[in-house]
Amino acid sequence: MSTASISRRRSPGDVIFAAAAYGCGVFVLVLLGAIIVSLFVGGLPALSHFGPAFLWHTTWNPVTQTFGAGVPIFGTLVTSLLALVIAVPLAFGIAFYLTEIAPEWVRRPVGTAIELLAAIPSIIYGMWGFFVIVPIMSQYVMPTLTDWLGDVPLIGGLFSGPPFGTGLLTAALILAVMVIPFIAATMRDVFLTVPPVYKESAYGVGCTTWEVMRSIVIPYTRVSVVGGIMLGLGRALGETMAVTFVIGNANRIATSLFDPGNTIASLVALEFPESPAGSLKLSSLLALGFILFVISFIVLAVSRFLLRARSA
Amino acid sequence: MRLLMSALAASLVGAVAMAQAPATQAQEITGAGSSFAAPIYGKWAEASQATTGIKLNYQPIGSGGGINQINNRTVDFGASDMPVAADKLAQNHLLQFPTVIGGVVLAINVPGVETNKLKLDGELLADIYLGKITKWNDKRIAEMNNGLKLPNLAIAPVYRADGSGTTFVFTDYLSLVNADWKAKVGSSTSVNWPLGTGAKGSDGVAATVKRVPGGIGYVESAYAIQNHLTTTQLRNKAGSFVVPSMESFAAAAASADWSKVQNFAIDLNDQPGAKSWPIESATFVLLPTDPKDPAQNGKVMNFFDWGFSHGNDIATNLLYVPLPESVHNAIRAEWKAKAPGAPK
């Protein structure tokens, strides 16, 4: 039967359904485009007023109407990258355990539990961070780190300052907990894509579990693993509520990991309600939103590209 | 992404609100803005509904949002903790009047210092937030507090991280009493704090101060009293030290000269009077002078008229300070003069 005869038999219902489905697909793209455009247009007055210096200027002063994105961009990147430094080894351990070491009956419940972690609303992480983690940080972790590392040359400065409990390090910790499920789940899934015959051959020639991991699984899945990490990075960049609670909310460049800072998403959430329509401040916030959108878009696009490379 | 979601949600809500506006029940009034004033407006609405038949739909979205919404006329009235400038009022055809007063007090966490024992003044406070005074046993604090045992502990200033009318009142006070503060930082709903850490909302500030030894932060008086925070005395303009209380807040409101200001845009900070609490502010309502529907405008005024006549006890119970009676009458006169639909 030729395709022509199939298409001839298409009922009006099919055509309408196809058009509706097509419309839904286009709608998402239009929506995405509209959001980018409206953020850009909204932020244009600030971008043209401050010029490219908006990107690295570190003053955020509503009184003098001087706004720069330097501090929130710095805070966003530092907390997200620090979160990855903490989260990636842990997520790797989880995925390694679940795919290679754990007995069969453990894999499913533990795997589900990790996926459930991803479903916890961020406000819960924020409150948990503020009421549980922050006091622990200010009473135990920060003073101890200052004692141990505060006098070490070069890095000592990173571990000094008053132990408020909030700050970049705490924000990164909370973010790490939040992105672990994403990275671990992706790593587990890509580790499972390694053809069993490769692993069996390696075990056959006498490799240990770690050697199989290092020499077979990781090289085979390297690109996808990086894709999964980028996925976690994308989530960390845009996280708002949990970070707002614990980062200390100061628009100054932090010189210590204990110093308070700010992220783009957090600053926008905090300042939005008190920004009059048409003001330079509102425009600056929209410009910040645009910058965050572009950063997240790039990170997620790279992650999609890397995750797709293997399966294609 | 979250931002986008909330922006989308906000625009959806806006669209829905606009679509619904013509269909709203004849007796419902809508307002948006100050979250500081939300509890009292809610209680007034609850108590007055039986007599006035007016139902209030109030959204505490923040003063800035309230001003935006009334400028766009998506609500019947806007509410702001910060008086709006006269030219902006004229430009957007708005009338402004205060409703209740609230104080701002200092919460501290200094081991060994009980509530309302520590004495401070605006000058010291500004220097603490500027980083010029960094220890609780600083000579200048010790001189003011003869006999009080102060620890050798770093001062950890805490401020509101979210844009807030409370921050405006506090920074406005510091600007009034400390020239250096005015030059370096200034006053606004959010400012460029030279040091310290931010926390979200009064509850966030209070929790941070409670947790960090040496902490100091500013919170709304109602919140401080309800939660039994450790507060301080302050020296007022007359030079006497006062304890934060309903009496001292009312004293400042009473000693203010309301007749000299336009649009009731009075600054209640640093008022004269031996018993006056130095940091406080009124919260304001913005009403159109060119309403699409004067009857709707009238209902808003009926509602606040009820609040002024019958709502003082409710306000006091919620730890707001009612306006002096003379101001209530001045507001009623202003309504008759400027707002279409004013109650007879």
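Residues numbered from 1 in each chain as written. Chains lettered and ligands numbered in written order. Predicted model: local features only at pLDDT ≥ 70, side-chain atom pairs only at ≥ 80, totals over all residues. Heavy atoms only, no water.

Moving on: the confidence of the model for chain B. Residue and element names in this part refer to chain B. When pLDDT is averaged along chain B, the result is 87; 92% of the residues meet or exceed 70. Throughout residues 1–5 the model reports pLDDT below 50, and contacts reaching past four residues in sequence, or to other chains, amount to 10 contacts. In the model, residues 8–25 has pLDDT below 50 throughout and makes two contacts with residues more than four positions away in sequence or in other chains. Confidence estimates for the predicted assembly give a pTM of 0.82 and an ipTM of 0.77. (pLDDT = per-residue confidence, 0-100. Contact = heavy atoms within 4.5 Å.)

Residues and elements named next belong to chain A. As a packed pair, helix α4 (residues 104–117) and helix α6 (residues 168–191) sit with axes 8 Å apart at the nearest point and diverge in direction by 140°. In terms of orientation, α4 and α6 fall into the oblique class. The handedness of the crossing between α4 and α6 is left-handed. Contact residues: α4 offers G111, I114, E115 and L117, while α6 offers P181, A184 and R188. (Axes fitted to C-alpha atoms, helices over the stretch in contact; angles between N-to-C directions. Helix = DSSP H or I, 4+ residues; strand = E, 2+ residues; numbered from the N terminus. Parallel < 35°, antiparallel > 145°, perpendicular 65-115°, else oblique. Left-handed = near helix turned anticlockwise from the far one by under 90°.)

Paired through their backbone hydrogen bonds, the strands of a sheet run either parallel or antiparallel. Residues and elements named next belong to chain B. With mixed pairing, three strands are arranged side by side in an open sheet as β5-β9-β10. The sheet terminates laterally at β5 (119–120) and β10 (241–242), the two strands that pair on one side only. In this sheet, strand β9 (residues 233–235) lies alongside β5 in parallel orientation, the contact comprising two bridges. Bridge pairing in β9 places K119 opposite Q233. (Pairing = 2+ DSSP bridges.)

Let's shift gears to the packing of aromatic side chains. Scanning all chains against the criterion turns up 34 aromatic pairs over all chains. With centroids separated by 6.0 Å and ring planes inclined at 25°, the aromatic side chains of F50 of chain A and F54 of chain A adopt a geometry described as stacked. Classification of F50 of chain A by relative accessible area gives buried; the value is 19%. With a centroid separation of 5.4 Å and 90° between ring planes, the pair formed by Y41 of chain B and Y58 of chain B is classed as edge-to-face. Of this pair, Y41 of chain B sits in helix α2 (residues 38–52) while Y58 of chain B sits in strand β2 (residues 55–59), placing them 17 residues apart in sequence. Neither residue differs from the other here; Y41 of chain B and Y58 of chain B are each classed as buried. Each member of the aromatic cluster is reached from another via a ring pair, and the members are Y41, W44, Y58, F77, F97, F303, F304, F308 and W335 of chain B. Over the aromatic face of F241 of chain B sits the side chain of K119 of chain B, whose NZ or CZ is 5.3 Å from the ring centroid. (Phe/Tyr/Trp six-rings, centres within 6.5 Å; stacked < 30°, edge-to-face > 60°. Buried < 20%, exposed > 50% of the residue type's maximum accessible area, 1.4 Å probe, protein only. Lys NZ or Arg CZ within 6 Å of the ring centre and 35° of its normal.)

We now examine a nonpolar patch on the surface. Residues and elements named next belong to chain A. On the surface, L117, I120, I123, I124, M127, W128, F131, V132, I136, Y140 and V141 cluster together to form a nonpolar patch covering roughly 920 Å² of accessible area. At nine residues, the largest contribution of residues to the nonpolar patch is made by helix α5 (residues 122–149). Here I124 lies in helix α5. (Patch = residues over 30% accessible without salt bridge, like charges linked within 9 Å, V, L, I, M, F, W, Y side chains within 5 Å. Areas by Shrake-Rupley, 256 points an atom, 1.4 Å probe, with all protein chains shown as cover. Salt bridge = Lys/Arg side-chain N within 4 Å of Asp/Glu carboxyl O.)

Moving on: the pairing of β2 of chain B. Residues and elements named next belong to chain B. Only one face of β2 is covered, namely the face carrying L56 and Y58; the face carrying K55, N57 and Q59 is uncovered. Sheet topology note: the strand β1 (residues 28–33)/β2 ladder contains five bridges and is parallel. From the neighbouring strand, E28 faces β2, where its bridge partner is K55.

This brings us to unusual backbone geometry. Leaving glycine aside, a negative phi is the common case for residues, and trans is the common case for peptide bonds. Residue and element names in this part refer to chain A. Not every positive phi belongs to a glycine, and N249 is a case in point at roughly 50°. Tracing the backbone through its elements, the reader meets N249 in the loop between α9 (241–246) and α10 (264–271). Take N249: its relative accessible area is 4%, and that puts it in the buried class.

So, on to the interface of chain A and chain B. When the parts of a complex come together, some accessible area is lost, and that lost area is often taken as the interface size. At the junction of the two partners, chain A supplies 37 residues and chain B supplies 38 residues. Broken down residue by residue, the surface that chain A buries against chain B is led by F164, R252 and E274 of chain A, which jointly contribute 24%. Inspection of the chain A/chain B interface yields 11 residue pairs in polar contact (both at pLDDT 80 or more). For the side of chain A that touches chain B, the elements supplying multiple residues, two or more each, are α2 (12–50), β1 (60–61), α5, α8 (209–238), α9, α10 and α11 (280–311) of chain A. Here the side of chain A that touches chain B takes five residues from α5 of chain A, the largest share from any one element. Within the side of chain A that touches chain B, the residues separate by chemical class into 18 nonpolar, 13 polar and six charged. (Buried area = accessible area lost by both parts, 1.4 Å probe. Polar contact = N/O pair within 3.5 Å; in protein donor to acceptor, adjacent residues only side chain to side chain. Nonpolar A, V, L, I, M, F, W, Y, C, P; charged D, E, K, R; others polar.)

Residues and elements named next belong to chain B. As a packed pair, α2 and helix α12 (residues 294–310) sit with axes 10 Å apart at the nearest point and diverge in direction by 100°. One element, α2, and the other, α12, form an angle in the roughly perpendicular class. From α2, Y41, W44, A45, A47, S48, T51 and T52 reach across to α12, where they touch F303, F304, W306, G307 and F308. Split into classes, the residues belonging to the contact of α2 with α12 amount to eight nonpolar, four polar and no charged.

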